[in-house]
Amino acid sequence: MRRPRTEAVVMTVVSAALFGTDWWQPTLPGGAELLRECATRGWTVVLTGPGPAGAPALTVADPGGDPVRAALDLVDGRPWHAVAVAGSVREVRAVRRAGVPCVALTAGRDTGPELRAAGAAEVHRDAAALLGVLDDSLLARPRAFGPVGAGTGGARNG
């Protein structure tokens, strides 16, 4: 079931790869709590990739396609009302191509400087660290970032 198109949709696109297959016991510290808190706040959470069963989120898989755009399409979302949480340079670049601002976690192999160079607006150690500053993070204020120029790594006006 698709949501009606609305400018009020606040959405978090989360890489399912960060959370593993059991969202309630992920290997990522704070992962389950972050997903629960986003859902509690009424944010639409869409997991890209084969999402964990039972997660408080919608799941989209777009093999060989663009999972970020598929996530936006699933809820008739707009890039400037969404924020993505990514865990690799490859994911950050894909998110940026879709025009979505990105928060990155250094839970994988890529370092903070590499994630920032790829276009992440914020970098946090893991989901627990992000949860600790959630109210001050980009997740709590997606429109503050404004429309994003695809692949530029920064905000643009307009």
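This structure is a prediction, so every number in the text was calculated from the model and none was measured.

(A) Expanded view of the pattern of salt bridges. What the rule picks out here adds up to four salt bridges. Two residues, R41 and D135, come together in a salt bridge whose shortest N-O distance is 2.7 Å. On the criterion of sequence distance, the pair formed by R41 in the loop between α1 (31-40) and β2 (44-48) and D135 in the loop between α5 (127-132) and α6 (142-145) is long-range, its members being 94 residues apart. The exposure class assigned to R41 is partly exposed, which follows from its relative accessible area of 32%. You can call D135 exposed: its relative accessible area is 55%. R125 serves as the salt-bridge partner of D126, at 3.5 Å between the closest nitrogen and oxygen. Overall, the relative accessible area of 9% leaves D126 in the buried class.

(B) How the structure looks around the sheet that holds strand β3 (residues 58-60). Reading across from one edge, β3-β2-β1-β4-β5-β6 is the order of the six strands in this open sheet, with parallel pairing throughout. A strand with exactly one partner marks an edge of an open sheet, and here the two such strands are β3 and β6 (122-124). Sheet twist, expressed as the average angle between the axes of neighbouring strands with direction ignored, equals 25°. In the sheet, strand β4 (residues 82-86) pairs with strand β5 (residues 102-105) via three bridges, with the strands oriented parallel. Paired with A86 across the strands is A104, a residue of β5. In the packing of α1 onto the sheet, contacts are made with β1 (11-15) and β2, and the angle to β2 comes to roughly 140°. Packed onto the sheet, helix α3 (residues 89-97) meets β1, β4 and β5 and runs at close to 175° relative to β5.

(C) Quick peek at the environment of L72. For L72, the location among the structural elements is in helix α2 (residues 67-74). Judged by its relative accessible area of 4%, L72 falls in the buried class. Filtering out sequence-adjacent residues up to four positions away, L72 remains in contact with M11, G77, R78, P79, A82 and V100.

The rules behind these values
Residues numbered from 1 in each chain as written. Predicted model: local features only at pLDDT ≥ 70, side-chain atom pairs only at ≥ 80, totals over all residues. Heavy atoms only, no water. Salt bridge = Lys/Arg side-chain N within 4 Å of Asp/Glu carboxyl O. Helix = DSSP H or I, 4+ residues; strand = E, 2+ residues; numbered from the N terminus. Buried < 20%, exposed > 50% of the residue type's maximum accessible area, 1.4 Å probe, protein only. Pairing = 2+ DSSP bridges. Axes fitted to C-alpha atoms, helices over the stretch in contact; angles between N-to-C directions. Contact = heavy atoms within 4.5 Å.

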